[in-house]
Amino acid sequence: MSDAPLAGQRSRSLEDTPVRVVSARVSLTTRLGNVWSRRELLLGLIISDIRIKYKNSTLGLFWSMVAPAFTLGVYFLVFNVFLKNGYPNFVIYLFSGLIVWNMFQSSIITATGVIVDRAALVKKVSFPREILALSNVGAAVVYFFAQLLVLVIVVGALGHAPAWKFMLILPISFISLCLLTSALGIVLSAINVYLRDMRHLIEVFLQLWFYMTPIVYSYEHAIAPHLQIRGITWVYFLNPLTLIVVTFQRVFYVNTIVHSTVAPHPIIDVLPTWSFDRFLILNALLLGVALVAFFIAEAIFGRLEGEFESEL
Amino acid sequence: MTTVIEVEGVSKKFKIHHERHQSLKERLLHPRSGTTEVFDALQSINFTVGEGETLGIVGHNGSGKSTLLKCICGVLKPTTGEIRLRGNLAALLELGAGFQTELSGRDNVYLYGAMLGLSRKAVDGIFDDVVAFSEIGQFIDTQVKFYSSGMYVRLAFAVAVNVDPDILVVDEVLSVGDERFQAKCVDRIMRFQQEGRTILLVTHNADQVRALCDRAIVLDRGEMIADGPTRDSLRIFREHLLADAVEHDPSHLLGTVHIESVSTPSGSFEVKSGAGLHLDVSVVSQTAYSGNFVMELFTHNGLLVSRSDAQGAPVNLLPGHNHVAVDLGQIPLLDGVYNLNVGIVDPRGHNVIAWSERAATIQVTYDGREGGIVELGATIRQQ
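Residues numbered from 1 in each chain as written. Chains lettered and ligands numbered in written order. Predicted model: local features only at pLDDT ≥ 70, side-chain atom pairs only at ≥ 80, totals over all residues.

### Looking at the sheet that holds strand β16 (residues 320-328) of chain B
All names here are of chain B. One open sheet holds the three strands; their spatial order is β10-β12-β16, and the pairing between them is antiparallel. In this open sheet, the two edge strands, each paired with only one partner strand, are β10 (257-263) and β16. Sheet twist, expressed as the average angle between the axes of neighbouring strands with direction ignored, equals 25 degrees. (Pairing = 2+ DSSP bridges. Helix = DSSP H or I, 4+ residues; strand = E, 2+ residues; numbered from the N terminus. Axes fitted to C-alpha atoms, helices over the stretch in contact; angles between N-to-C directions.)

### Digging into the confidence of the model for chain B
Residues and elements named next belong to chain B. Looking at chain B as a whole, the pLDDT averages 82, with 89% of positions reaching at least 70. Helix α1 (residues 24-29) is the least confidently modelled element of chain B, averaging 68 in pLDDT, while strand β12 (residues 277-285) averages 90, the highest of any element. Both scores are available for the predicted complex, with the pTM at 0.76 and the ipTM at 0.75. (pLDDT = per-residue confidence, 0-100.)

### Topic: the interface of chain B and chain A
With 45 residues of chain B in contact, the opposing surface of chain A contributes 37 residues. Only β1 (3-17), α2 (65-73), β4 (80-86), α3 (105-115) and α4 (120-134) of chain B provide two or more residues apiece to the side of chain B that touches chain A. With six residues, β4(B) is the largest single contributor of residues to the side of chain B that touches chain A. Relative to β4(B), strand β1 (residues 19-23) of chain A runs antiparallel, the two being bridged by five bridges. In the sheet register, V22(A) faces β4(B), and the bridge partner there is I83(B). (Contact = placed C-beta atoms within 7 Å.)

### Focus on the pairing of β16(B)
Residues and elements named next belong to chain B. Within β16, only zero of the nine residues are buried, which leaves it mostly out in the open. Across nine bridges, the pairing between β12 and β16 is antiparallel. Looking at β16, one finds that S282 is bridged to H323. (Buried ≥ 20, exposed ≤ 12 C-beta atoms within 10 Å, placed from the backbone.)

### Digging into the pairing of strand β17 (residues 336-345) of chain B
Sheet topology places strand β13 (residues 289-299) of chain B next to β17(B); eight bridges connect them, and they run antiparallel. Following the sheet pairing, M295(B) is matched in β17(B) by V342(B).

Put into structure tokens, the structure is as follows:
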């Protein structure tokens, strides 16, 4: 056993090391600083999450691509072969919204229960607790990229060119998605400690949310005309996922107006005909909102965290 | 000396729910039912620990010592007050709490390291030491769920002590593993001491505190009742335990027996090494009682030299003054000052009926050539 490096008087003096403070109230900047300083732990938890999910499976992470690819195949059969809703390449439209939704949904469902599930850890090891919820979001991000890869392959295979210019907005949209998902996940994980029904409630609510987001239908086609008459288009965009999903669809599906593949080939408005600038501005605004939401979530979590030990 | 830990006015209140309504339905149906009681686990605790000190925290179960430790580690947040820390801290609290049983030992070492604040690279650096110390060997790549409880704890301990902490917090974990591993752990803690690290040791094992700590604080029902040199604190702790036991004593025996004094016929506690000493222990009892008599002898720096009792023969106390004779036939000790504790326990040895800490101080003089504590009288010759 190599005991040598530790033996002898330590040369390191503690005089100059910074002082850490443990107290009831922690300022928001300290909270964020603490999370940032433990990013290695966040990474470790994400890796272990993924490892555990695919433990003892031969294909491992590959499954996170196989499963969505298979789903894609089924959708292709349903919408392009049997049901024929008239949208050309509807699979791409559907899948570009679905990967956003999958990331959101799986993060929220796992994060909501995470503090209760990892109570043993929370009660015994010191680290910023929101990292647990963030690690669920992190794992979902990894699966998101696996699905994105599948989408890119399918887009290429179908010979469909994405909107290259709009792709510049994609990172902004994606960061907003991560921030919003984290914000909601962090808050729900804390609420679930006090109100254990949250987990079941959110599952039901997510089903409703799914249909409030234009994933399996077109916003422009099905919803916009009705709202425009009353001048309340903005109501629909109160759902922050709408803009993100529409941006992804604009990038990968590209076509704002298509000719139906079903006779008599009427014109369908699939996506908003907004300019690049409008997309950019809206997404930048959303990023701002997402940042604020994340800070608020951190503050709420800080308040709720204080009495976890009495409830776990 | 740099102050490493500063605990200032720390209080901790817990809410105890008597009727837990955690589901929505129950909350809606019983909006006001379920009483919540506030329990003061810690009440304005103040102390500081300097760099390189080893501080013992003693107290019986429920005295708040684990709560205090968890506050210092940051697992719990104090309700009021502040704790200021310098340097990184590794806690040996309920070892292996952070383990993911589905993962291999190797993955868990990295994960646990990250929890203690180490980077992946830093864990790479200590990984071999961890495996060697834990004696896990080839099982390091086995899923932790197949580990025995001993292996589990050994691995966790090995990570925690190899992270090079500035402050090490140890909570009752020295009772894990087999005896050999325990010795190894104590060894490691002593080396940490020599290296000038700061150690907090929480235990209700007074012997361990005596052996490892320079200073101890005593907690009782959330309040700090002593802070000082180990032997003074331990005396207060024992007296307190006794007083506490008197309150909860079903047979009302406690407090009825009192050890008044220890004397010698000559009045002097100085003795030459190898000579004998006759001690006369004066015991006042209010009732007739038959129990076992115990004596302990410690060196002045707290090492237990001997603990002996009346060897099954009970001491029969009568109401009034009693005298118990303790004959130390030949004291084989080398020169030094030795502290004597005497006490009376019930025949099964479960409860202390009366106790006197440092009832007498014995001065031994020795003019031979041997060094240490005890004279073995070895003869050395060439064959």
